[in-house]
Amino acid sequence: MGEKVTVCEVGPRDGLQMAHGIMPTPVKTRWIAAIAAAGVPEIEVGSFVSPRLIPQMADTAEIVRSAVLRPGVLIVALAPNLRGAQDAYAAGAHRISVPVSASFGHSRANLNRLPGEQVAEVARIVAWVRAQPRRMEVEGVVSTAFGCSIDGVVPEAAVLGVASGLAEAGVDMVGLADTVGYGHPAQIRRLVRAVRAEIGDRLDGLHLHDTMGLGIANALAGLDEGVRNFDAALAGLGGCPFAPGASGNIVTEDLVFMLESMGFDTGIDLDRLIAARTILHEGLPAETLHGHVPQAGVPKTFRAAA
Ligand code: ZN
């Protein structure tokens, strides 16, 4: 058995928010079921934001309520504020991810708040969540950690400041997000080390986009630094409506192929994962599906780690 690496499928959240169409709720439910059936251990299924801003997420409460009934998969929802966290809790989410931008420009565009104000909101969320009878994990995500399409360079000090603010707020884990996909492998290594020096093992995962074609290289850099949790989106969908120029997430199928080929155990059945693209296409027929491995086909040389 190889070392475990956890892949969190974020297609139903990050992937759909930039889609040209709206995936009908029954198709979304079947799609999430197919992803879970492929063995994906964590799925971010939606976002508790105003449907006025992101209409694709209007059915998130319903989607969470049905997804948490499925055994063996951890259901995550994005919640940008206390209200969203309360809605996620009411729907039964196992974990919420709360974004805090390291750049002022993206913070204003995405949340209409300064980064420090959003860290204070995270502290309010954690306090509320901890006072509830059911346990729900809170992940703080440092958005635009590797660059911003509005502000350009994001100083490392800003990233470290948000990461340590999140740790002090009491989140269970901190993720670093290359929201716009401007990061490169050396930067990933440097920042993962710097953040770990600041908050230790509280640093948990990487959320990477493939805007510049460096997504998989960046994942490998993170892997080399000991990161064992990665977000990815089926067919490489994704982007941020408030981060102009961002393109899709790293492709789950390609990431799983790399990890399993290298001997890391993801618990995911690659063939069944690729098969889930059929339902995605059915729900969003106009969307371009990305991914090297699904297009080339799984080669005869491939051996899963487990
Ligand atoms: Zn993203």
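Everything here concerns the structure above.
Cut-offs applied
- Residues numbered from 1 in each chain as written.
- Predicted model: local features only at pLDDT ≥ 70, side-chain atom pairs only at ≥ 80, totals over all residues.
- Heavy atoms only, no water.
- Helix = DSSP H or I, 4+ residues; strand = E, 2+ residues; numbered from the N terminus.
- 1 Å grid on protein atoms, 1.4 Å probe; cavity = no way out; pocket = protein on both sides within 12 Å on 5 of 7 lines; lining within 4 Å.
- Points joined across faces, edges and corners; volume = space filled by probe spheres on them.
- Nonpolar A, V, L, I, M, F, W, Y, C, P; charged D, E, K, R; others polar.
- Phe/Tyr/Trp six-rings, centres within 6.5 Å; stacked < 30°, edge-to-face > 60°.
- Buried < 20%, exposed > 50% of the residue type's maximum accessible area, 1.4 Å probe, protein only.
- Lys NZ or Arg CZ within 6 Å of the ring centre and 35° of its normal.
- Expected span 1.5 Å × (residues − 1).
- Contact = heavy atoms within 4.5 Å.
- Donors = N, O, S within 2.8 Å, 3.2 Å for Na, K, Ca; no water.
- Axes fitted to C-alpha atoms, helices over the stretch in contact; angles between N-to-C directions.
- Parallel < 35°, antiparallel > 145°, perpendicular 65-115°, else oblique.
- Left-handed = near helix turned anticlockwise from the far one by under 90°.

1. What about unusual backbone geometry?
Okay, so step 1: One non-glycine residue, Thr144, lies in the positive phi region at around 50°.
Okay, so step 2: Along the chain, Thr144 falls in the loop between strand E5 (137–143) and helix H7 (156–169).
Okay, so step 3: With a phi angle near 65°, Ala235 is a residue other than glycine that sits in the positive phi range.
Okay, so step 4: Considering the arrangement of structural elements, one finds Ala235 in the loop between strand E8 (229–232) and helix H10 (252–261).

2. Side note on the layout of surface pockets
To find leftover empty space, a probe the size of one water molecule is rolled over the atoms.
Okay, so step 1: Size it by volume and the second largest pocket reaches roughly 420 Å³.
Okay, so step 2: Lining the second largest pocket are 23 residues, with Gly236, Ser247, Gly248, Asn249 and His290 sitting closest to its centre.
Okay, so step 3: Partitioning the lining of the second largest pocket into residue classes produces 7 nonpolar, 13 polar and 3 charged.

3. Describing the packing of aromatic side chains
Okay, so step 1: Evaluation of the coordinates by the stated rule reveals 2 aromatic pairs.
Okay, so step 2: Each ring, one from Tyr89 and one from Trp128, has its centre 5.5 Å from the other, and the planes form 90°; the classification is edge-to-face. Of this pair, Tyr89 sits in helix H4 (residues 82–91) while Trp128 sits in helix H6 (residues 115–130); the two residues are 39 residues apart in sequence, bridging distant segments of the chain.
Okay, so step 3: A relative accessible area of 23% places Trp128 in the partly exposed class.
Okay, so step 4: For the pair Phe257 and Phe302, a centre-to-centre distance of 5.4 Å together with 25° between the ring planes defines the contact as stacked. Here the residue Phe257 occupies a position in helix H10, and Phe302 occupies one in the segment after helix H13 (292–296), the gap between them amounting to 45 residues.
Okay, so step 5: On the accessibility criterion, Phe302 (16% relative accessible area) is buried.
Okay, so step 6: In this arrangement the basic side chain of Arg134 is found over the ring face of Tyr89, its NZ or CZ atom lying 4.6 Å from the centre.

4. What about the environment of Val251?
Okay, so step 1: Mapped onto the fold, Val251 is located in the loop between E8 and H10.
Okay, so step 2: Relative accessible area serves as the criterion here: at 10%, Val251 is assigned to the buried category.
Okay, so step 3: The spatial distance from the C-alpha of Val251 to the C-alpha of Ala85 is 28 Å, given a sequence separation of 166 residues.

5. Concerning helix H8 (residues 185–199)
Okay, so step 1: Over its 15 residues, H8 extends 21 Å from the first C-alpha to the last, a length consistent with the 21 Å expected when each residue adds 1.5 Å.
Okay, so step 2: Three or more residues of H8 are buried, namely Gln187, Ile188, Leu191, Val192, Ala194, Val195 and Ile199.
Okay, so step 3: Where H8 is buried, its residues meet H7, strand E6 (173–178), strand E7 (203–208) and helix H9 (215–224).
Okay, so step 4: Positive backbone phi, approximately 60°, marks Gly200, located one or two places after H8.

6. Comments concerning the coordination of the zinc ion
Okay, so step 1: Around the zinc ion, the donor atoms from the protein are Asp14 (OD), His207 (NE2) and His209 (NE2), and they sit 1.9 to 2.1 Å away.
Okay, so step 2: Mapping the donors of the zinc ion onto the primary sequence gives the spacing D-x192-H-x1-H.
Okay, so step 3: For His207, a relative accessible area of 8% puts it in the buried group.

7. Considerations on the packing of H7 against H8
Okay, so step 1: At a closest axis distance of 10 Å, the pairing of H7 and H8 adopts a crossing angle of 40°. Comparing their axes, H8 and H7 come out oblique. In this structure, H7 meets H8 at a crossing whose hand is right-handed. Here Glu156, Val159, Leu160, Ala163, Ser164 and Ala167 of H7 come into contact with H8, specifically with Arg190, Leu191, Ala194, Val195, Glu198 and Ile199.

8. Notes on the packing of H8 against H9
Okay, so step 1: Relative orientation of the contacting elements H8 and H9 amounts to 35°, with a least axis distance of 8 Å. With respect to the hand of their crossing, H8 and H9 are arranged in right-handed fashion. Only Ala217, Asn218, Ala221, Gly222 and Asp224 of H9 make contact with H8, whose side of the interface consists of Pro185, Ile188 and Arg189.
Okay, so step 2: In terms of residue class, the contact of H8 with H9 is built from 4 nonpolar, 2 polar and 2 charged.

9. Observations regarding the environment of Ala61
Okay, so step 1: By the element assignment, Ala61 lies in helix H3 (residues 60–67).
Okay, so step 2: For Ala61, a relative accessible area of 25% translates into the label partly exposed.
Okay, so step 3: Between the C-alpha atoms of Ala61 and Ser47, which are 14 residues apart in sequence, the distance is 8.7 Å.
Okay, so step 4: With sequence-adjacent residues up to four places away left out, Ala61 is seen in contact with Phe48 and Ala91.

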